[in-house]
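Notes for the structure review
What follows is each chain in one-letter form.
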Amino acid sequence: MVNKYIPIIGLEIHVELKTVSKMFCGCKNDPFGAQQPNIYTCPVCLGLPGALPVPNRKAVEWCLKMGLALNCQIPLFSKFDRKNYFYPDLPKGYQISQYDQPFAVKGSLVIPSAVEGSLRLNRSSNKLRDSSASPQNDESIGITRVHLEEDTGKLLHAEIAGKKVTLIDFNRSGVPLIEIVTEPEIRSSEQARNFLKKLHQIIRYLGISDADMEKGSMRLEPNISVLSNDQRPTTKDQLPPYKVEIKNINSFSFAKKAIDYEIDRQIEILESGKIPLQETRGWDEKKQITFSQRSKEEAQDYRYFPEPDIPPIRWTPEDIKRLKNLIPELPDKKVDRFIKDYQLSKEDSLRITEKKEIADYFDQVVKFKKIPPKTVANWIINKKVDIAKVSPQDLIKLISAKTQTAVISEKELEVVIDKVITANPKPVADYQSGKQTALMFLVGQVMRHTQGQANPHTTRQILKKKIK
Amino acid sequence: MPRKHIKAILKLMPYLKNKMLIDKSLTELASGLINKEFSSEEIVKECFDKIEKINSKLNAFTTVLDKDEVIKKAREKDNKRTENNNSLYGLPFIIKDSYNTRGFPTTVASNVLKNYISPYDATVYSRILNAGAILIAKTNMDAWGHGASSENNDYGPVRNPWDTSRVAGGSSGGNAAAISSRMTTFGIGEDTGGSIRNPSSWCNITGLKVTYGRTSRYGCVPYVSSFDTMGPMAKSAEDCALILQTMAGQDPLDATSSPKAVPDYSKNLQNRISGLVLGMPKECYAKGLDPEIKSSIEKAAEQFQQLGVKIKEISIPLLDYGVAVYYLIGTSETSSNLARYDAVRYGQDRSNFTKETIRRIMLGTYALSAGYYDAYYRKAQKGRTLFIKEYNKALSECDAILMPVEPMVATKIGELINDPIQNMLADIYTCQTPTGLPSLALPCGFNQSGMPIGMQLIGKMFTEEKLLNIGHQYQQMTDWHKRKPPLIEK
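Source: prediction; values computed, not measured.

Thresholds applied
Here the residue numbering is sequential within each chain, running from 1 through the sequence in written order. Just so you know, chain letters begin at A and ligand numbers begin at 1, following the order they were written in. With pLDDT at 70 or above as the cut-off, local features in this predicted model cover only qualifying residues; side-chain atom pairs require 80 or more to be listed or tallied, and sums for whole chains, interfaces and linings still use all residues. Under the DSSP-based scheme used, a helix requires at least four consecutive residues in state H or I and a strand at least two consecutive residues in state E, with every element numbered from the N terminus. Within these notes, the globule rule equals 2.2 Å times the number of residues to the 0.38 power, and the radius of gyration is based on C-alpha atoms. Between the buried cut of 20 or more and the exposed cut of 12 or fewer other C-beta atoms within 10 Å of a residue's own C-beta lies the partly exposed class, and all C-beta atoms are placed from the backbone. Each residue is represented by a C-beta atom placed from its backbone, and any two residues with such atoms within 7 Å are regarded as in contact. Here, axes are lines fitted to C-alpha atoms. For helices the fit covers the stretch in contact, and angles between N-to-C directions go from 0 to 180 degrees. In these notes the angle categories are as follows: under 35 degrees is roughly parallel, over 145 is roughly antiparallel, 65 to 115 is roughly perpendicular, and the rest is oblique. Here is the rule for handedness: rotate from the far helix to the near one, and if that takes an anticlockwise turn smaller than a right angle the crossing is left-handed, while a clockwise turn gives right-handed. Under this grouping Gly is polar, as are all residues other than the nonpolar Ala, Val, Leu, Ile, Met, Phe, Trp, Tyr, Cys and Pro and the charged Asp, Glu, Lys and Arg. Each pair of strands is called paired provided DSSP finds at least two bridges between the two strands. Each residue carries a pLDDT value, the predictor's own confidence for that position, ranging from 0 to 100. Throughout, the edges of the domains are those of an automatic or database domain assignment. Relevant arc is that of directions from the helix axis to the C-beta atoms, nothing else. Joined through C-beta atoms within 7 Å, a set of buried Ala, Val, Leu, Ile, Met, Phe, Trp, Tyr and Cys residues constitutes a nonpolar core. For a helix, the expected span equals 1.5 Å multiplied by the number of residues minus one.

Considering the overall build of chain B
Counting its regular elements, chain B contains 15 helices and 13 strands. Taking 2.2 N^0.38 as the reference for a compact globule, 490 residues should give roughly 23 Å; the C-alpha atoms of chain B span a radius of gyration of 21 Å, in line with that estimate. Principal-axis analysis of the C-alpha atoms gives chain B an extent of 80 × 55 × 45 Å. Every one of the 490 residues in chain B was classed for burial, and the buried ones make up 59%.

Concerning the overall build of chain A
When its secondary structure is counted, chain A shows 14 helices and 15 strands. For the C-alpha atoms alone, the extent of chain A along its principal axes is close to 85 × 60 × 55 Å. Expressed as a percentage of the 468 residues in chain A, the buried residues total 36%. Here the analysis covers contacts within chain A between residues at least 6 apart in sequence; of these, 72% occur between residues at least 24 apart.

Here we look at the packing of helix H11 (residues 410-423) of chain A against helix H14 (residues 456-467) of chain A
When two helices pack together, their arrangement is given by the angle between their axes and by how far apart the axes lie. All names here are of chain A. Between H11 and H14, whose axes approach to 11 Å, the crossing angle comes to 55 degrees. Here H14 runs oblique to H11, going by the angle between their axes. When you trace H11 past H14, the crossing you get is right-handed. Each of Leu413, Glu414, Ile417 and Ile421 in H11 lies in contact with H14, whose residues at this interface are Thr458, Thr459, Ile462, Leu463, Lys466 and Ile467. Of the residues belonging to the contact of H11 with H14, the class tally is six nonpolar, two polar and two charged.

Observations regarding the interface of chain B and chain A
Taken together, the contact pairs 30 residues of chain B with 23 residues of chain A. Those elements giving two or more residues to the side of chain B that touches chain A turn out to be helix H10 (322-337) and helix H11 (355-368) of chain B. At three residues, H10(B) tops the list of elements feeding residues into the side of chain B that touches chain A. Considered class by class, the residues forming the side of chain B that touches chain A number 15 nonpolar, ten polar and five charged.

Quick notes on the sheet that holds strand S3 (residues 134-139) of chain B
Residues and elements named next belong to chain B. Spatial strand order, S1-S3-S2-S6-S8-S7-S12-S13-S11-S9-S10: eleven strands in an open sheet with mixed pairing. Of all strands in the sheet, those with a lone pairing partner are strand S1 (61-64) and strand S10 (310-314), marking the two edges. Pairwise comparison of adjacent strand axes, ignoring direction, gives a mean angle of 30 degrees for this sheet. Pairing of strand S2 (residues 92-96) with strand S6 (residues 186-191), which is carried by three bridges, proceeds in the parallel orientation. By the bridge assignment, Ile94 is partnered in S6 with Gly187.

Points about the confidence of the model for chain B
Taken residue by residue, chain B gives an average pLDDT of 95. The fraction at 70 or more is 96%. At the level of chain-chain contacts, confidence expressed as ipTM amounts to 0.94, with global pTM at 0.88.

Quick notes on the domain arrangement of chain A
All names here are of chain A. Partitioning chain A into structural domains gives domain 1 (2-317), domain 2 (329-388) and domain 3 (410-467). For domain 1 versus domain 2, the distance between C-alpha centres works out to 31 Å. No other element matches the four residues that helix H3 (residues 189-206) contributes to the side of domain 1 that touches domain 2. Taken together, the residues of the side of domain 1 that touches domain 2 break down into five nonpolar, one polar and one charged.

With respect to the environment of B:Ser315
All names here are of chain B. Locating Ser315 in the fold gives a position in the loop between S10 and H10. Taking the number of C-beta atoms within 10 Å as the measure of exposure, Ser315 has 16 and is therefore partly exposed. Distance from Ser315 to Ser439, taken between C-alpha atoms, is 18 Å for residues 124 residues apart in sequence. Discounting residues that sit within four places of it in the chain, Ser315 has contacts with Pro281, Lys282 and Glu283.

Focus: the sheet that holds strand S3 (residues 81-84) of chain A
Residues and elements named next belong to chain A. If you walk across this open sheet you meet the three strands as S4-S3-S14, and the pairing is antiparallel. Sheet topology places strand S4 (94-97) and strand S14 (305-306) at the edges, where each strand pairs with a single neighbour. Bridging between S3 and S14 involves two bridges; their strand directions are antiparallel. Within S14, the position partnered with Asp81 by the bridge is Pro306.

Some thoughts on helix H9 (residues 373-382) of chain A
All names here are of chain A. Those residues of H9 that sit buried are Val376, Ala377, Trp379 and Ile380. Seen from one end, H9 has its buried residues packed into an arc of 160 degrees, which puts them on one side. Downstream of H9 by one or two residues, Lys384 has phi in the positive range, about 45 degrees.

Comments concerning the pairing of strand S9 (residues 176-182) of chain A
Both faces of the sheet carry side chains from a regular strand, because those side chains alternate between them. Residue and element names in this part refer to chain A. Summarising burial for S9: five of the seven residues are buried, a large majority. Of the pairings in the sheet, the one linking strand S1 (residues 5-16) to S9 comprises five bridges and is antiparallel in character. From the neighbouring strand, Glu16 faces S9, where its bridge partner is Leu177. Sheet topology places strand S6 (residues 138-150) next to S9; seven bridges connect them, and they run antiparallel.

Some remarks on the pairing of S1(A)
Pairing of S1(A) with strand S10 (residues 218-228) of chain A, which is carried by eleven bridges, proceeds in the antiparallel orientation. Bridging from a neighbouring strand, A:Ile6 pairs with A:Leu227 of S10(A).

With respect to the nonpolar core
Of all hydrophobic cores here, the largest spans 210 residues; its most connected members are A:Cys63, A:Val146, B:Phe93 and B:Ile136. Beyond its immediate sequence surroundings of up to four residues, B:Ile136 is in contact with B:Val44, B:Cys47, B:Leu65, B:Val70, B:Pro92, B:Phe93, B:Ile94 and B:Thr184. With 16 residues, the next largest nonpolar core counts A:Ile352, A:Tyr361, A:Val376 and A:Ala377 among its residues.

Quick look at helix H8 (residues 356-367) of chain A
Residue and element names in this part refer to chain A. In this model, H8 (twelve residues) spans 16 Å end to end at C-alpha, consistent with the 16 Å of a helix rising 1.5 Å per residue. Every buried residue belonging to H8 is among Ala359, Tyr361, Phe362, Val365 and Val366, and all of these are buried. Each buried residue of H8 lies within a common arc of 160 degrees when the element is viewed along its axis, so the set occupies one face. Exposed residues pointing more than 90 degrees away from the buried face of H8 are listed as Glu357 and Lys367. One or two residues past the end of H8 sits Lys369, with phi positive at roughly 55 degrees.

Comments concerning the confidence of the model for chain A
Confidence in the prediction of chain A, expressed as mean pLDDT, is 88, and 91% of residues score 70 or more. Counted against residues more than four places away or in other chains, residues 116-135 of chain A, with its pLDDT under 50, gives 15 contacts.

Notes on the environment of B:Thr334
All names here are of chain B. Position of Thr334 among the secondary structure elements: in helix H10. Judged by the 25 C-beta atoms lying within 10 Å of it, Thr334 falls in the buried class. Expressed as a C-alpha distance, the spacing of Thr334 and Gln381, which sit 47 residues apart in the sequence, is 15 Å. In this structure Thr334 touches Trp144, Tyr223, Val224, Arg360, Ile361 and Gly364, once residues within four positions along its chain are discounted.

In structure tokens, the structure reads:
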């Protein structure tokens, strides 16, 4: 059945920037750290009569950096627009956003293929794409646009003195928000998750947002429709005559589950010969279902028009070049460099580059040229080095100390091993009855008693011999 | 009698003749204060005297500050005065009620903001305050700037001091009525599509609509964000120059304020204007213009010629489309600017908007709606570009454009507010604001029934200095601007 239908998925992602001040005023941008509601507010972010927005240069530059990191084009002319709608958390009655001339357009993001598990995939993809330099079957997802806007206030539904009330906290009002929109080119929930993970990683690399899903500083809205194979598109523009947007998703795995649920739901409707309604649905994590929130009939006319309070923004190619130079080395490039310069395996490179801080740490340690990069990588990956506490120099000392041949003689080692065996009859028996993990425990005990000075490999051999 | 005393008496002559301090120019007042010829307290008392005597007939204010408090403040200024003070130091002023003023209500003359007290000050207001001027009242207006007669509000119409059965004009009508009848030394107004110039011409005062971006808009409740300009209203061009000096300049809180340096506006007031060219667009003097206004301006043109100015006939063929361009963009922006009064905040609901305001919100909402945007809003913006080109072309042929301010003199109460189309058409000569150009309105005569007539000088972007120079030179050879309404002489 699945083969008969092709899921058409696009993603809309909102990311709150962690600039020091808000998007259009000097108020502190720290809605999560605020000790009380409405303390980081002023006439501008409260939308008081007569107050005017002045764009935050840093936020604008960060939005461009995001666009550049997603291989977008940066139009030399851009502007802000007003998106008019009424909601109590929107103090001006409109949101300052960008409509038809966003800061960045037409980009792409390369993500690992989602066809199968990653290792198996690598091998199969080698067969599929022999000519490819990269052993991995990467896929490119189109980015429609990246634009900048302001966040709204937050409504709190509470009960005060027995009365149900709604309170508004404007600490979040006017926080800079980037919106990233993909082309409807995603075909599975797994691919969506891969995209989101990669995007999240890049955002963290750029250092422009915490992108914390739980706090809501990264929010996801998948658009899903299903195309039946009989009406398979001949061109990209041929999309199903409807789409469903899902809101309230605050984790990658919820996104995956919601997409899967929605694909099944829509296929069921299509199977019955009907077309699903165009609507906005929410994800109910408890019930593991999506539910209808707003149908197309209630669709809003936002009456967008150019924001008259903010002059349009014009860039020179030099401005863009300068910003491009400010973008740090991104994960893909780092992986390639680690493989090429340090002869790390792809797997290790991917792990080391997962977080920028770790990759930077690795680079620093390797730069001293005292320890082979492969050994450094192993230490960082296997020993989970706490990079906040162990300085690169300390790590070098540590590794040097530990890798200099065993400081303990084999005789001494045998004495310790004998002690460990007598002290741990149960693990010994476990091992003898075939439980391999018990051996690991015993090796660990030996290491402990020798303050780590034993060679784990030798220890293992001796232990095996003794308790066989 | 020693010569020194004769000199002193001669110096006091105009004061003795007029019997009012407020008749003096701001420069005269400033030097009189420094020389201790009189005090701020005396000037303030004079203002309150007039307010108490005649404001009930004019309804110029939404809020009048507590007299004792203001007098106390004037005394403080008198005590702290030094020779280095700003020229506006110790001078009482009034401000349109669209400006946010901490501590006093900011109502925009609408019940929607009834009793609203703002927690912050508008930039222009705080600049005037920092210069040492003393606020005495906030002025009545067309609510939200929606009108040309100061009738569209919840405080009652502002009446014209020259004929109280007529309107003062709008939307900065309260300012014009109060300055004309000497209830203050100067006022701060706001012009979107004639809101300073229209009441100035109908009440016989001088008002300057500045170049868009010359003054900060921060803290003035917007009507049309892309047209709104904050400008001075006073008795003369010379006074306007002095006030603008303090008002103008870039504001980090207003992204649309210009970084252009502020010139010394008073420095070149005395410059001779011979050799300058004033263009008179033939379309402005054709159908629809009151013949008495036409002849007054033609007479002014002759006087300019006596000053060596060349008068040239020019053409602005698009003139008639101005009202449509102005009102489509204007209502579109105002429909968005007024969205925040949704009854969640500020305590009053939308039923408090007047009919005229609701009409403008509806019109603008319509012009921005899907399916109509291209036909109305976008087309109007294209029209705006054409207007800018057309005015630039006209101004390439002359130094300034000489035009009427209004096609008629002040209308009778009820005439404009009850005829929405006429109300809009009254803006025909002042609705070139989509171009952002500056314009100085100044008195140039009276009609048979004694109603004031005004003219305006439109200049190139950021040429306030030149407009004030031309205006000042004209006012040196005429005395229209010195005439006071009979009402206050009684």
